[in-house]
Amino acid sequence: MFWLKCMHHQSLMFLLPHQMTLLKLMESSSVFPTRFGMMAAQFKAFIDSTGGLWKEGKLIGKPAGTFVSTATQNGGQETTHLTAITQLVHHGMVYVPIGYSSSLLFENSEVHGGSPYGASTLAGGDGSRQPSERELAVAKHQGEYFAKFVTSLSKGRQ
């Protein structure tokens, strides 16, 4: 699933891989790839189709962040964030991690996703586990943090 913030309408859209288009990518201010220790195959295939945008520099300076879901605690959450950064950098996009800007990341009373790279969740081997309240709170924090960054970046460009 991809999360886009439409720059023209200031609205959030949640898209499945088959709904993503180059136009939506160019009109949005954020894209979040997901899955299994690496960028999702569907998203990687989509990124691989953006050569024309890359050649024309259409995504240079656009902010981007990541959130991921893995089956297990050691399922490659940070690796997924890191492999996504490679694609973003080639497009000249501005990667916006959350760092340790949320105290929720320091909490160790329960197993949970989330890192300085971005929000994450543990889905379980069969995908049945839903995000915990803490994971949802980290994701909400990331969205707010990202929106503030995009707003300040937009104001600075005007």
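Residues numbered from 1 in each chain as written. Predicted model: local features only at pLDDT ≥ 70, side-chain atom pairs only at ≥ 80, totals over all residues. Heavy atoms only, no water.

> Explanation requested: the environment of His 112 in the structure shown.
Along the chain, His 112 falls in the loop between strand S5 (94-95) and strand S6 (120-122). Here the alpha-carbon distance between His 112 and Leu 122, two residues ten residues apart in the chain, equals 6.9 Å. With residues near it in sequence (within four places) discarded, His 112 still touches Leu 104, Glu 107, Leu 122, Ser 132, Arg 134 and Glu 135. (Helix = DSSP H or I, 4+ residues; strand = E, 2+ residues; numbered from the N terminus. Contact = heavy atoms within 4.5 Å.)

> Would you explain the nonpolar core in this entry?
The nonpolar side chains of a soluble globular protein tend to be buried with one another. Counting seven residues, the largest nonpolar core is built from Leu 53, Leu 59, Ala 64, Ile 85, Leu 88, Met 93 and Tyr 95. Ala 40, Phe 43, Ile 47 and Ala 84 belong to the second-largest nonpolar core, a separate cluster that totals six residues. (Core = buried A, V, L, I, M, F, W, Y, C linked by side-chain atoms within 4.5 Å. Buried < 20%, exposed > 50% of the residue type's maximum accessible area, 1.4 Å probe, protein only.)

> Got a minute to help me understand the pattern of salt bridges in this structure?
It is possible for side chains of opposite charge to pair when their charged atoms get near one another. Inspection of every chain in the model, using the stated rule, returns five salt bridges. Notably, a salt bridge pairs Glu 144 with Lys 140, separated by 3.9 Å at the nearest N-O pair. Linking Glu 144 with Lys 140, this pair stays in helix H5 (residues 133-157), spanning four residues, or about one helical turn. (Salt bridge = Lys/Arg side-chain N within 4 Å of Asp/Glu carboxyl O.)

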